[in-house]
Amino acid sequence: MKTYTSFKDINNDLKRYKLERDIAWEELKLIKNEYKEDLQPLNWVSTALKLTGKYSLIALIKKWLFKR
């Protein structure tokens, strides 16, 4: 337990704790917005198209290599 010697020390700690809380709150809001963007259907479609393209290319290469 911290022992305070003056009201100035108490006020400084209270200000610091408020700033730390505000920073944590802003970080939570940022994380929330990132998740909200990640869960949008357009992002799902984009990810699905990327994966489909990648696996289609691999399938074509395999088909071409093993056909010979």
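Calculation rules
- Residues numbered from 1 in each chain as written.
- Predicted model: local features only at pLDDT ≥ 70, side-chain atom pairs only at ≥ 80, totals over all residues.
- Heavy atoms only, no water.
- Helix = DSSP H or I, 4+ residues; strand = E, 2+ residues; numbered from the N terminus.
- Rg over C-alpha atoms; globule rule 2.2 N^0.38 Å.
- Buried < 20%, exposed > 50% of the residue type's maximum accessible area, 1.4 Å probe, protein only.
- Areas by Shrake-Rupley, 256 points an atom, 1.4 Å probe, with all protein chains shown as cover.
- Lys, Arg positive; Asp, Glu negative; His and termini not counted.
- Charge placed at Lys NZ, Arg CZ, Asp CG, Glu CD.
- Patch = residues over 30% accessible without salt bridge, like charges linked within 9 Å, V, L, I, M, F, W, Y side chains within 5 Å.
- Salt bridge = Lys/Arg side-chain N within 4 Å of Asp/Glu carboxyl O.
- Contact = heavy atoms within 4.5 Å.

Peer 1: So what exactly am I meant to see when it comes to the overall build of the protein here?
Peer 2: Counting its secondary structure elements, the protein contains 2 helices and 0 strands. Compactness check: the protein gives a C-alpha radius of gyration of 27 Å against a globular reference of 11 Å for 68 residues, more than 25% above the reference. Judged by the C-alpha coordinates and their principal axes, the protein covers about 85 × 25 × 15 Å. Going through the 68 residues of the protein one by one, you find that 1% of them count as buried. When the accessible surface of the protein is totalled, it reaches about 7000 Å², and 66% of it is carbon and sulfur. Within the protein, the 9 negative side-chain charges are centred at a point lying 14 Å from the centre of the 15 positive side-chain charges.

Peer 1: Would you explain a nonpolar patch on the surface in this entry?
Peer 2: Judged by side-chain polarity, Trp25, Leu28, Ile31, Tyr35, Leu39 and Trp44 come together as a nonpolar surface patch covering roughly 750 Å² of accessible area. Counting residues per element, the nonpolar patch draws most heavily on helix α1 (residues 7–38), at 4 residues. Relative to the helices and strands, Ile31 resides in helix α1.

Peer 1: I would appreciate a short explanation of the environment of Asn33 in the present structure.
Peer 2: Residue placement: Asn33 occurs in helix α1. Along the backbone, Asn33 and Lys67 are 34 residues apart, and their C-alpha atoms lie at a distance of 48 Å.

Peer 1: Just checking my understanding: could you explain the pattern of salt bridges for this structure?
Peer 2: One side chain can pair with another of opposite charge once the charged atoms of both are near each other. A full pass over the atoms with the stated rule returns 6 salt bridges. Notably, a salt bridge pairs Lys2 with Asp13, separated by 3.0 Å at the nearest N-O pair. Of the two residues, Lys2 is situated in the segment before α1 and Asp13 in helix α1; the sequence distance between them amounts to 11 residues. The closest approach of N and O atoms between Asp22 and Arg21, which form a salt bridge, is 4.0 Å. On the basis of relative accessible area, Asp22 is assigned to the partly exposed category, the value being 29%. Through salt bridges with shared partners, a single ionic network connects Lys2, Asp13, Arg16 and Glu20.

Peer 1: What should I look at first to understand the side chain of Asp13 in this one?
Peer 2: For Asp13, a relative accessible area of 6% puts it in the buried group. Setting aside anything within four residues of it in sequence, one finds Asp13 in contact with Lys2 and Tyr4.

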